[in-house]
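Read off the chains here:
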Amino acid sequence: QKEVEQNSGPLSVPEGAIASLNCTYSDRVSQSFFWYRQYSGKSPELIMSIYSNGDKEDGRFTAQLNKASQYVSLLIRDSQPSDSATYLCAVESGTYKYIFGTGTRLKVLA
Amino acid sequence: KAGVTQTPRYLIKTRGQQVTLSCSPISGHRSVSWYQQTPGQGLQFLFEYFSETQRNKGNFPGRFSGRQFSNSRSEMNVSTLELGDSALYLCASSRGTPLTDTQYFGPGTRLTVL
C-alpha cells in the first residue's frame, strides 16, 4: 500500500513567522505532488502543485520537492491567523489516482 | 465559472440501506474522482471516471460503486450501508490530463449511518 505521511500536529507558529510543513511518500515513481488547504467544515482547496525537484514559489507559499529523498514540503512565509487550517499533501500514485496524507493542523497565533 | 456541486449535502440512513450521491463537475472537466474522508483515515481515494469509463479505483469493497454519464456528471452508490460508512464524501473534477492535472473539490456530502 502506497503511503503519504504527515505529522498531524498541531503545528503552532506566531503570526509573521515561517510555517514549515513536511510530507514523505513511499511510491518512488510518483511524478505529481500537491498541497491542499482545508478549513474546518470545508472541502480541500489547492494551494500549490509541484512536479520537478527544487523549489516553486507562489506568493507567500513555497513548495519544495526532493524526489531522491521522497520528501515534499510547504513553507508559508509571514504566517497569518487566516492560514490556520489543515494542510493536506497529495501524491499521484498510479495514473489518475491520488493518495492523500492525513494532514497537518496549523495554528497561527495572533 | 461554477464550481463542483454535490447533492445532497447531508444524508442520514440506517444500516442495510443503500444511498446514491451525485456530483456535477466544473464545465469542461471530464474527470471525476470520489473520495471518502473520515477523521481517522483522512481522505481516501474511491475511484476515478473519465468519459464514462472508470480508469482507476481504490481499495474499497464492492459495495461502493460509481458511474459517469455522457455529460460528465457522476454518481456513486453505496449498498448495504454499515456504520463505518459514515463519512464526508467528496468529489473532485479535473480536465483529466495526466501528470499536470489539477483537481477541484466539491463541498461534499455528509453521510451519517445509524
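Heads up: the structure comes first, above all this text.
Quick notes on the rules
Residues numbered from 1 in each chain as written. Chains lettered and ligands numbered in written order. Predicted model: local features only at pLDDT ≥ 70, side-chain atom pairs only at ≥ 80, totals over all residues. Heavy atoms only, no water. Contact = heavy atoms within 4.5 Å. Salt bridge = Lys/Arg side-chain N within 4 Å of Asp/Glu carboxyl O. Polar contact = N/O pair within 3.5 Å; in protein donor to acceptor, adjacent residues only side chain to side chain. Helix = DSSP H or I, 4+ residues; strand = E, 2+ residues; numbered from the N terminus. Nonpolar A, V, L, I, M, F, W, Y, C, P; charged D, E, K, R; others polar. Phe/Tyr/Trp six-rings, centres within 6.5 Å; stacked < 30°, edge-to-face > 60°. Buried < 20%, exposed > 50% of the residue type's maximum accessible area, 1.4 Å probe, protein only. Core = buried A, V, L, I, M, F, W, Y, C linked by side-chain atoms within 4.5 Å.

**Student:** Summarise the interface of chain A and chain B; cite the residues concerned and give the values.
**Tutor:** Each partner contributes to the interface: chain A provides 18 residues, whereas chain B provides 25 residues. On inspection of chain A and its partner chain B, the count reaches zero salt bridges. Our count for the contact surface shared by chain A and chain B stands at three residue pairs in polar contact (both at pLDDT 80 or more). Of all the elements in the fold, those that place two or more residues in the side of chain A that touches chain B are strand 4 (33-38) and strand 10 (98-100) of chain A. Residues that form the side of chain A that touches chain B fall into these classes: nine nonpolar, eight polar and one charged.

**Student:** Before we move on, could you go through the side chain of S30 of chain A and cite the residues and values that matter?
**Tutor:** All names here are of chain A. Of note, S30 is situated in the loop between strand 3 (19-25) and strand 4. At 3.2 Å, the side chain of S30 and the backbone oxygen of D27 are in polar contact. At 2.7 Å, the side chain of S30 and the backbone oxygen of E92 are in polar contact. Those residues within four positions of S30 in sequence are excluded, and the remaining contacts are Y25, K67, V91, E92 and S93.

**Student:** Pulling in residues and values, what's your account of the packing of aromatic side chains?
**Tutor:** Think of a pair of aromatic rings as described by two things: how far the centres are apart, and how the planes are tilted against each other in angle. Tallying each qualifying case throughout the model produces 11 aromatic pairs over all chains. Each ring, one from F100 of chain A and one from F105 of chain B, has its centre 6.0 Å from the other, and the planes form 80 degrees; the classification is edge-to-face. On the criterion of chain membership, the pair formed by F100 of chain A in strand 10 and F105 of chain B in strand 10 (residues 104-105) is interchain, its members lying in two chains. Just as F100 of chain A is buried, F105 of chain B falls in that class too. Taking the centre distance of 5.7 Å and the plane angle of 70 degrees together, the rings of F47 of chain B and Y49 of chain B count as edge-to-face.

**Student:** Break down the nonpolar core for me, with residues and values.
**Tutor:** Formed by 24 residues in total, the largest nonpolar core has its most connected members in W35, V72, L74, I76 and Y87 of chain A. Of all the elements in the fold, those that place two or more residues in this core are strand 3, strand 4, strand 5 (45-50), strand 7 (61-66), strand 8 (71-76), strand 9 (85-92) and strand 11 (104-109) of chain A. Excluding anything up to four places from it in sequence, V72 of chain A contacts L21, N22, C23, Y25, F33, W35, I50, Q64 and L65 of chain A. Of all hydrophobic cores here, the second largest spans 21 residues; its members include V4, L11, C23 and V32 of chain B.

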